[in-house]
Structures are given as structure tokens and as C-alpha cells.
Amino acid sequence: MRLFTNCTAATMDGPAPYGLIPDAAIAVEGDRIAWVGPRADAPKGEAVDLGGRLVTPALIDCHTHIVHGGHRAGEFEQRLLGASYEEIARAGGGIISTVRATRAATVDGLVASALPRLDALIADGVATVEVKSGYGLDIDTELNMLRAARRLATLRPVTIRTTFLGAHAVPPDYKDRADAYLTEACLPALSAAHAEGLVDAVDGFCEGIAFSPAQIARVFDAAKALGLPVKLHAEQLSNLHGAALAASYGALSADHLEYLDDAGIAAMAKSGTVATILPGAFYAIRETKAPPIAALRAAGVPMAVSTDMNPGTSPMGSVLLAMNMACTLFRLTPEEALKGTTINAARALGLTDRGRLAPGLRADLAVWAAETPAELSYRFGFNPLHSLILGGKA
Ligand code: DI6
Ligand code: FE
């Protein structure tokens, strides 16, 4: 048994703020946490001195699109000249331009371009990353994106959770025929991807420029038939009541939520659906309506925070920056921000074996050159990560 000792442990467990244990020790057996508590009470073990540093659960980025072809720097320039995200999308740019680049890429190429993005997250203390498909929008490319995501987990010592996002946009070949796209491409791609073991969850984009609630319900019914959990990009640009729809399917999370209303909040609270807050997208498209954080908090809806790393609305490679922005732009507390990338991010992925420091959970630990956990959200453009311990291995 190894004993990581001489640290401040933000366990994210128990009633104390951050579940903080000053002068703590963490015992690890194999890839699991065996014991956490005050150093004075620690069991015997091979001691590793952490030099008084802060330890948290390794971070979890629960909403990303890191697998994709190309980039959209040109569209960034168009937006700066005044075009809106929706105008660009309706004119055949936006998600569809990334679809063209992704279809042109090989699985090897997708893996090669995603690796530096994954490495940026790992450098930020992340050990679990969700990766979505949704830039293929045909059967072969949707499968290739998920194969690339699975391959990433063989190249780095982190956990990758895959999410099928075939209902991300209507491809040009199905313009104005979204239901035919679902019938002929999206739903068959979901079945094929599931049969190949490529799908951990199913997502969609419920929006005027994407899919209606009735169309999303078709995708969710298919997910349910396969026994897969669902989540939804909801209320990002307008209010189509997607969050309430997702909640009615017991969704793991509803994400974005700038235009969420009280009925959506009540539905999420009732179903235990996590609200995943994505300040990078809010910032990049210069959105002015913030998600209803105070009302989510009052209703007891758990909040996660994520990068939404994608080439269009959130070309952002830092989960620490997402935490800072969630605080400064949306008034989350630093404790809520850290819960958002640990315990609540785990919940948004349906994972019960991580996100806290507690016996029996995975020994994925982030060691920080920081005294207090609020420092992780407070600074921006600094990276205080000292080291990552993944599955008990430093
Ligand atoms: N909402 C988003 O912010 C991303 N997808 C989505 O449904 C944007 C994806 C993109 O513009 O490429
Ligand atoms: Fe997204």
C-alpha cells in the first residue's frame, strides 16, 4: 500500500467546504483509494511526501468535441466583422464546415489532431474526458470519430467516455429533411456504433438550426431501446424546452442552458439531471444571456463545468479557464466550479467510481502547487498543476 502524505486534501466528499482535510494522507491500493483522512490517523504504507501541496480528485471534462477535422479561424474573423453564429450556420458554414473536414480525414488523422487537444486537458489535471461524435453525420464518419476517440484511450493513461452525437446538425445532403436524415443515417449509425461497442451515451442538439424536440425524442427513444443514457445540448441559443424533454428521459445532463426557464429547472431538479455549464461557448459567441445559475442553485440542480472544446463555439483547451470563467461570468462559487469538474462532472457521465476522494474510488489524483482549492478558479492563464497520479501511479 502506498501512502500519499503531507498534503491538503480537497476530497469533495462530506459536509465541510470542498470536503477539506488539512494535513491529510491518502492510502492507495492498486488503482483504488483505500483510505483518506488526517495524517495522524493514517495506516502504515510506503510514504510519498507531497510537500504540503493541495490534492483534489483529478479533473473531469464532461463535454468535449476534441475529435474533429480542420479549424474555423476564418469563421472567427467573420464573426468579428459582425456575422452571427446562426447566420454562418444557415449559410452552410459552422458545424457543416467541420463536417467536410472531418469526412476528409482518416481515423489516424483524427487521432493525430485530437492528441494535442487531449494533452492540453491532461496538462490541466484532467484524467477523464468525454468525447462526442457529430461532425461525421454519415454512418462511416460517425463511426470513425468514435473509433478515434476509443483509440485515444490506448495512447494516454486517461479514461475516455464516448458520446454519440449524430443529431448535431442536418447535413447538406438532407437539407430540410431532418427526419429522413434521422431515419436513414443517424439512427442506423447509432445502432452500428453501439454494436461495435463505441457508445457510452447519446446526445443531440435541440435548436432551431438543428433538431426539434420531436426529432430529439426519436433519437432518445432509440437510445433507450439500446439501454444507453442520454444528454442534450439544450437552450443554448433559444428556448425549445429541450432540458425538460431531456429530464423526462432521465438524462444524465442538459448542457449550455442560457435560455433555460423555470419549468426546465423544475424538471431537471426532479429527474436529477446535471446542468452542464459551458462558459467557453458563451464567451466565444459573445452571448449576453447567462444561464440561470441562482435559480439552478436554489432548486438544488447539480452543476458541472466543462470546456465544450470544439472548433466553432469553444476552441478552448483549458478546464481551469472554464472554471475561472464560470465564476467570473456566471457567479459560480469556486467550490461550485471545482464540484463542476469533479463530483458533478462524474455524475454528468454516469460514473460513480471517481470525482471524489473516498475509499473504493479510483486513485486519480491531481496534485497542485496551491494552498487552497479556490486558487484553482481564481487565477487564469496560470497552470498550478504539480503532478497527476492516475490509477495510483505517479
Ligand atoms: N453547440 C455548441 O456549442 C457546439 N455544438 C453544439 O451543439 C458547436 C459546434 C460547432 O459550432 O462546431
Ligand atoms: Fe457541445
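Above: the structure in question.
Quick caveat: nothing in here was measured; it's all calculated off a predicted structure. One numbering rule holds for all chains: residues counted from 1, following each sequence as written. In the order they appear in the text, chains get letters beginning with A and ligands get numbers beginning with 1. Per-residue local features of the predicted model are confined to residues with pLDDT of at least 70, and side-chain atom pairs are confined, for both listing and counting, to 80 or more; whole-chain, interface and lining totals are unaffected and use all residues. Processing note: side-chain calculations cover all non-hydrogen atoms of the structure and skip hydrogens and water entirely.

K.L.:
Give me the packing of helix H4 (residues 107-123) against helix H5 (residues 139-155): which residues, what numbers.
P.N.:
Look at H4 against H5: their axes get within 9 Å of each other, and the N-to-C directions meet at 55°. As far as their axial angle goes, H5 and H4 are oblique. Two packed elements cross with a definite hand, and for H4 against H5 that hand is right-handed. In this structure, H4 contributes Val107, Asp108, Leu110, Val111, Ala114, Leu115 and Leu118 to the contact, and H5 contributes Asn144, Met145, Arg147, Ala148, Arg151, Leu152 and Leu155. Residues are grouped as follows: Ala, Val, Leu, Ile, Met, Phe, Trp, Tyr, Cys and Pro are nonpolar; Asp, Glu, Lys and Arg are charged; all remaining types, including Gly, are polar. In terms of residue class, the contact of H4 with H5 is built from 10 nonpolar, one polar and three charged. Note on definitions: angles span 0 to 180 degrees between N-to-C directions of axes, and those axes are lines fitted to C-alpha atoms, for helices only across the stretch in contact. Helix and strand definitions here come from DSSP, where helices need a minimum of 4 consecutive H or I residues and strands a minimum of 2 consecutive E residues; each element is numbered from the N-terminal end. Comment on the angle field: the value is read as roughly parallel under 35 degrees, roughly antiparallel over 145, roughly perpendicular from 65 to 115, and oblique elsewhere. Whether a crossing is left-handed or right-handed is set by the direction in which the near helix is turned from the far one by less than a right angle, anticlockwise for left-handed and clockwise for right-handed. Contacts are assigned to residue pairs that have any heavy atoms within 4.5 Å of one another.

K.L.:
I'd like to hear about the coordination of the iron ion (ligand 2), residue by residue, with values.
P.N.:
For a metal with four tetrahedral donors the ideal donor-metal-donor angle is 109.5 degrees, whereas six octahedral donors ideally subtend 90 or 180 degrees. Coordinating N, O and S atoms are those within 2.8 Å of the metal (3.2 Å for Na, K and Ca), and as water is not part of the atoms, a site may appear to have fewer donors than expected. Protein coordination at the iron ion (ligand 2) comes from His63 (NE2), His65 (NE2), His233 (NE2) and Asp308 (OD), with a distance range of 2.1 to 2.3 Å. Any coordination sphere not matching a tetrahedral pattern (four donors, all angles between 85 and 135 degrees) or a square planar or octahedral pattern (four or six donors, opposite donors over 155 degrees apart, other angles between 65 and 115) is reported as irregular. For the iron ion (ligand 2), the four donor atoms in the first shell make angles of 79 to 162° at the metal, a pattern classed as irregular.

K.L.:
Quick one: what's the story with the sheet that holds strand E5 (residues 59-61), residue by residue and with numbers?
P.N.:
Strand pairing follows a simple DSSP-based rule, namely that at least 2 bridges must link the two strands. Spatially, E5-E6-E7-E8-E9-E10-E11-E12 is the arrangement adopted by the eight strands of the open sheet, whose pairing is parallel. Taken across any chain shown, the strands that pair with only one partner, and hence form the sheet edges, are E5 and strand E12 (303-305). Here the average twist between neighbouring strands, direction ignored, is 25°. Sheet analysis places strand E7 (residues 159-167) next to strand E8 (residues 201-206), joined by three bridges and oriented parallel. Across the sheet, the residue bridging to Phe164 is Val202, located in E8. Its contacts with the sheet place helix H7 (residues 213-225) against E7, E8 and strand E9 (231-234), and it is angled at close to 175° to E8.

K.L.:
Help me get a handle on the site of ligand 1, residues and values and all.
P.N.:
The near set for a molecule or strand comprises every residue that places at least one heavy atom within 4 Å of it. The environment of ligand 1 is formed by 13 residues, the closest being Arg72, Tyr85, Tyr135, His168 and Thr313. Pairing of N or O atoms within 3.5 Å defines a polar contact, subject to two protein rules: one partner must be a possible hydrogen donor and the other a possible acceptor, and residues neighboring in sequence count only if both atoms are side-chain atoms. Separating an oxygen atom of ligand 1 from a side-chain N or O atom of Arg72 is a distance of 2.7 Å. Measuring from an oxygen atom of ligand 1, one finds a side-chain N or O atom of Asp308 at 3.3 Å. With residues, only the protein chains shown are counted as cover, and all accessible areas are computed by Shrake-Rupley using a 1.4 Å probe. Starting from 320 Å² of accessible surface for ligand 1 in isolation, the protein chains cover 100%.

K.L.:
Just give me the short version of the pairing of E8, but keep the residues and values in it.
P.N.:
Burial analysis of E8 places six of its six residues in the buried class, the great majority of the element. Residues Ala201, Asp203 and Phe205 line one face of E8 and the alternating positions Val202, Gly204 and Cys206 line the opposite face, and both faces are buried. Each parallel crossover has a hand, and for E7 linked through helix H6 (residues 178-195) to E8 it is right-handed. At this point the chain moves from E8, through H7, to the parallel E9, and the crossover so formed is right-handed. The classification of residues rests on relative accessible area computed with a 1.4 Å probe and restricted to protein chains. Under 20% of the type maximum is buried, over 50% is exposed, and intermediate values are partly exposed. Every crossover in which the path from the first strand over the helix to the second runs clockwise, viewed with the strands pointing away from the viewer, is termed right-handed.

K.L.:
Give me the lowdown on the state of the cysteines, citing residues and values where you can.
P.N.:
Pairs of cysteine sulfur atoms within 2.5 Å are identified as disulfides in what follows. Enumeration according to the criterion identifies zero disulfides in this entry. Of all cysteine sulfurs, the one in Cys186 lies closest to Cys206, which takes part in no disulfide; the gap is 14 Å.

K.L.:
Account for unusual backbone geometry, with residues named and values stated.
P.N.:
If you check the backbone angles, Glu235 has positive phi at about 55° while not being a glycine. Along the chain, Glu235 turns up in the loop between E9 and helix H8 (242-248). Of note, Asp308 is a non-glycine position whose phi angle comes to about 55°, a positive value. Take Asp308: it is sitting in the loop between E12 and helix H12 (319-330). Asp308 gets classed as buried once you look at its relative accessible area, which sits at 1%.

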